[in-house]
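Examining the three-dimensional arrangement
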Amino acid sequence: MNITETPPLRAVALACTLSPSPTRSSSQLLAEQTMAALAEHGVTGNTVRVADHEVKPGVKTDMGGGDAWPQIRAEILGADILVLSTPIWLGHPSSIAQRVLERLDAELSETDDEGRMLTYGKVAAVCVVGNEDGAHKVSADLFQGLNDVGFSLAPNAVTYWVGEAMQGTDYQDLGETPEKTAGTTKTLAANTAHLARCLKSAAYPPSS
């Protein structure tokens, strides 16, 4: 597909590291690499480090009192693609990634005039980094949550890197990106952009 002949796409990546800026972050790095790979398919966008914002706990679109989620939600709803990037902590997605899913739960009751969730037609992808095994389990958790709240998933919609068990090497400290991870990121980008363009030109049917 010639990207110059198709509608432009926009993506937003949510980096769910526990550390606010300016601390270095492997999950932010992989998110940015994924955004760069998406850019090769005509996708523009930006990366948001969720820890830099006061995202309150809850399952409403706006929890009030300085809640930063409404602004982040507006970016998600204005995009065609959501990239969710998380480290692995104790075998699970980070607590911030879980909070993002909890806030997205509010989309279950937000629908258009034809009964479809506002997230229908949007595509999600996942990035996972960690120093122990568990990337498949973590991506499965995120896939289920994202699909539950209306996002579609392309084939191979996850890219990841995990280091040797019981070692302390971080993804951001590698001398170069491992070939397998780089190739997986490119596949994620190609398939995700393709699905997003398909859904942009052919919406899901109205909900009965």
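Quick notes on the rules
Residues numbered from 1 in each chain as written. Predicted model: local features only at pLDDT ≥ 70, side-chain atom pairs only at ≥ 80, totals over all residues. Heavy atoms only, no water. Helix = DSSP H or I, 4+ residues; strand = E, 2+ residues; numbered from the N terminus. Rg over C-alpha atoms; globule rule 2.2 N^0.38 Å. Contact = heavy atoms within 4.5 Å. Areas by Shrake-Rupley, 256 points an atom, 1.4 Å probe, with all protein chains shown as cover. Lys, Arg positive; Asp, Glu negative; His and termini not counted. Charge placed at Lys NZ, Arg CZ, Asp CG, Glu CD. Buried < 20%, exposed > 50% of the residue type's maximum accessible area, 1.4 Å probe, protein only. Polar contact = N/O pair within 3.5 Å; in protein donor to acceptor, adjacent residues only side chain to side chain. Axes fitted to C-alpha atoms, helices over the stretch in contact; angles between N-to-C directions. Parallel < 35°, antiparallel > 145°, perpendicular 65-115°, else oblique. Left-handed = near helix turned anticlockwise from the far one by under 90°. Nonpolar A, V, L, I, M, F, W, Y, C, P; charged D, E, K, R; others polar. Core = buried A, V, L, I, M, F, W, Y, C linked by side-chain atoms within 4.5 Å. Salt bridge = Lys/Arg side-chain N within 4 Å of Asp/Glu carboxyl O. Phe/Tyr/Trp six-rings, centres within 6.5 Å; stacked < 30°, edge-to-face > 60°.

So, the overall build of the chain
The helix and strand inventory of the chain stands at five helices and six strands. For 208 residues, the compact-globule formula gives about 17 Å, and the C-alpha radius of gyration of the chain, at 17 Å, lands near that figure. Judged by the C-alpha coordinates and their principal axes, the chain covers about 50 × 45 × 30 Å. Pairs at least 24 residues apart make up 80% of the contacts formed inside the chain by residues separated by at least 6 positions. For the chain, the accessible area works out to roughly 10100 Å², and carbon and sulfur atoms hold 52% of it. Averaged over its 15 positive side-chain charges, the chain has a centre that lies 3 Å from the centre of its 25 negative ones.

Observations regarding the environment of Asp173
Tracing the sequence through the fold places Asp173 in the loop between β6 (152–162) and α5 (179–201). You can call Asp173 partly exposed: its relative accessible area is 46%. Residues Asp173 and Thr185, spaced 12 residues apart in sequence, show a C-alpha to C-alpha distance of 18 Å. A distance of 3.3 Å separates a polar atom in the side chain of Asp173 from a polar atom in the side chain of Arg24.

Some remarks on the packing of helix α1 (residues 26–39) against α5
Think of two packed helices as two axes; the pair is described by the angle between the axes and how far apart they sit. Where α1 meets α5, the closest approach of the two axes is 8 Å, and the angle between their N-to-C directions is 55°. With respect to α5, the axis of α1 lies oblique. The way α1 lies across α5 gives a crossing that is right-handed. From α1, Leu30, Gln33, Thr34, Ala37 and Leu38 reach across to α5, where they touch Thr181, Thr185, Leu188, Ala189, Thr192 and Ala193. A breakdown of the residues in the contact of α1 with α5 according to their chemical character gives six nonpolar, five polar and no charged.

Some points on the nonpolar core
Judged by nonpolar contacts, the single largest core of 28 residues is most densely connected at Leu14, Ile76, Leu104 and Leu146. Put simply, the parts of the chain that give this core at least two residues each are β1 (9–15), α2 (69–77), β3 (81–89), α3 (95–104), β5 (123–130) and α4 (135–148). When residues in this core are grouped by element, the largest group, five residues, is from α3. Grouped together as the second largest cluster of nonpolar side chains are 20 residues, Leu38, Val123, Val129 and Tyr171 included.

Quick look at the pattern of salt bridges
Summed over all chains, the structure comprises nine salt bridges. Taking the shortest distance from any N to any O, the salt bridge between Glu54 and Lys56 comes out at 3.0 Å. Between Arg116 and Asp112 there is a salt bridge whose closest N-O contact spans 3.1 Å. In the salt-bridge network here, residues are joined through shared partners; they are Asp112, Glu114 and Arg116.

Structural notes on the packing of aromatic side chains
Considering all chains together, one arrives at two aromatic pairs under this definition. Between Tyr120 and Tyr204, the aromatic rings sit 5.8 Å apart at their centres with planes inclined by 70°, giving edge-to-face as the arrangement. With Tyr120 in the loop between α3 and β5 and Tyr204 in the segment after α5, the pair connects residues that are 84 residues apart, well separated along the chain. Residues Trp161 and Tyr171 carry aromatic rings whose centres are separated by 5.7 Å and whose planes lie at 45° to one another, so their mutual orientation is tilted. You can see Trp161 sitting in strand β6 and its partner Tyr171 sitting in the loop between β6 and α5, a full 10 residues away along the chain. Just as Trp161 is buried, Tyr171 falls in that class too.

Regarding the packing of α3 against α4
The contact between α3 and α4 brings their axes to 10 Å, and the two run at 15°. Of the possible angle classes, the one that applies to α3 and α4 is roughly parallel. Considering how the two elements wind past one another, α3 and α4 form a crossing that is left-handed. Where α3 abuts α4, its residues Ala97, Leu101 and Leu104 lie against Asp141, Leu142, Gly145 and Leu146. Of the residues that constitute the contact of α3 with α4, the class distribution is five nonpolar, one polar and one charged.

Don't take any of this as a statement about function, it's just geometry.
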